[in-house]
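Structural characterization, general
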Amino acid sequence: MQDNPPYELRAMYRAGHSEFWEVADKAGILAKLNLSLKYLEGTDDPREAEANLFSGAIDMICGNHITPYMWIAKGKPIVCIASPSNGVHDRVITREPATSLADFKAKGLRIADTNLVGDKGIANHERLNHIIDVLRAGYAEGEATWLEMGDGGQPGTGDALIDAVKTGKADVAFSRRLSAADLAASGLHALDLPYQPMVNGPTITTSYETLNKKPGIADRLIRAMVETIHYARMNPEQTQKYLDVQDTRPYTQNHGRVEAITRSPIKPYPSMEGIMNAFELSCMRYEDSRDASPAALWDMHYLRDLDMSGFIDELLQEEPESVREKYATPFAPVGGAHVFRHSATI
């Protein structure tokens, strides 16, 4: 890899998805691939990240799962080349024990949740996931009542979600971001919902213009992601130290938890069900996305080439059996995978 030209890597991340690249830099994985991380900054607005990508100011976006289909429909050269996270297990809290969201169907379901649309006018991916959870539980569009308790990142939103259920304003509240300590202190009951296939997390989103201007960069980004997953699985304590440290590197260090990396499959292919469900969310929010093909956003040949070379399997063989077993199924489907279909626009 040192025979390849050196590249300075510039990236933006969404929803805190910076862990992979902080560790890849601090563990020396990027340097081994003749890459250096010169810019890594977060944004709550996908439009800002995409504008920088299309202008050439950055090489990739860590995240962005809903808006890219709209750009595909408009002919923009946006492309995703890896997806290390393809499913979610959402959770609600209730006053009394419940077995499913359908338990509330007879009397009506009132749901406390974060705002659907933030102050920048951007739909919240997690909240869109929750809409699917409710529809999959057998509710028709408009049958459940949603109570918005604030933006997910705002102080006090978690307390407002708990309070809405405790006081009877809501029957359930989505609570995946609430800590175990908060839930225990609340005296409420947790209900884990069925697995939902969904592309999310730190996808490698880039543009064909970047790939053409920097030959070989896609192969190195894929390899860096794979090696970072392997490194974190083999060295979780040191990986967490890299995330905790604050030093003089030329980018904002967002920190994070090692589990954001170790729970990823070492072969970061997107699942077909996850792609289709993310595409359906995009269509619900952006009418233009309906003119796109769900497959048009994805180019897997870089990962496939690395996979077929045997490199990833060699890394797996280096891992003790206990490690391979621990991370064999990062998300185990409950009740089978399900592809969501819905025609409404939110």
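Structural notes, computed from the coordinates.

**A word on the packing of aromatic side chains**
Counted by the stated rule, this structure contains 4 aromatic pairs. Ring geometry for Phe-54 versus Trp-71: centroids 5.4 Å apart, planes at 75 degrees, classification edge-to-face. Of the two residues, Phe-54 sits in helix H3 (residues 46–55) while Trp-71 sits in helix H4 (residues 68–73), which places them 17 residues apart along the sequence. Each member of the pair, Phe-54 as well as Trp-71, is classed as buried.

**Quick look at the packing of helix H9 (residues 217–234) against helix H13 (residues 301–308)**
Following both chains from N to C, one finds H9 and H13 inclined at 60 degrees, their axes separated by 9 Å at the closest point. Comparing their axes, H13 and H9 come out oblique. Our pair here, H9 against H13, has a crossing hand that is right-handed. Here Ala-218, Asp-219, Ile-222, Arg-223 and Val-226 of H9 lie close against H13, whose contacting residues are Tyr-302, Leu-303 and Leu-306. Grouping the constituent residues of the contact of H9 with H13 by class yields 6 nonpolar, no polar and 2 charged.

**A closer look at the sheet that holds strand E6 (residues 91–94)**
Overall, mixed pairing links the 5 strands, which are arranged E8-E7-E9-E6-E10 in an open sheet. The open sheet has two edge strands, strand E8 (145–148) and strand E10 (189–192), and neither has a second partner. Sheet twist, expressed as the mean angle between neighbouring strand axes with direction ignored, is 30 degrees. Pairing of E6 with E10, which is carried by 4 bridges, proceeds in the antiparallel orientation. Residue pairing across strands places Arg-91 opposite Asp-192, the latter belonging to E10. Relative to E8, helix H5 (residues 125–136) is tilted by about 155 degrees, and along the sheet it contacts strand E7 (110–113), E8 and strand E9 (172–174). Helix H6 (residues 157–166) rests against E6, E7 and E9 of the sheet, and its axis sits at about 165 degrees to E9.

Analysis parameters
Residues numbered from 1 in each chain as written. Predicted model: local features only at pLDDT ≥ 70, side-chain atom pairs only at ≥ 80, totals over all residues. Heavy atoms only, no water. Phe/Tyr/Trp six-rings, centres within 6.5 Å; stacked < 30°, edge-to-face > 60°. Helix = DSSP H or I, 4+ residues; strand = E, 2+ residues; numbered from the N terminus. Buried < 20%, exposed > 50% of the residue type's maximum accessible area, 1.4 Å probe, protein only. Axes fitted to C-alpha atoms, helices over the stretch in contact; angles between N-to-C directions. Parallel < 35°, antiparallel > 145°, perpendicular 65-115°, else oblique. Left-handed = near helix turned anticlockwise from the far one by under 90°. Contact = heavy atoms within 4.5 Å. Nonpolar A, V, L, I, M, F, W, Y, C, P; charged D, E, K, R; others polar. Pairing = 2+ DSSP bridges.

Keep in mind these values describe shape, not function.
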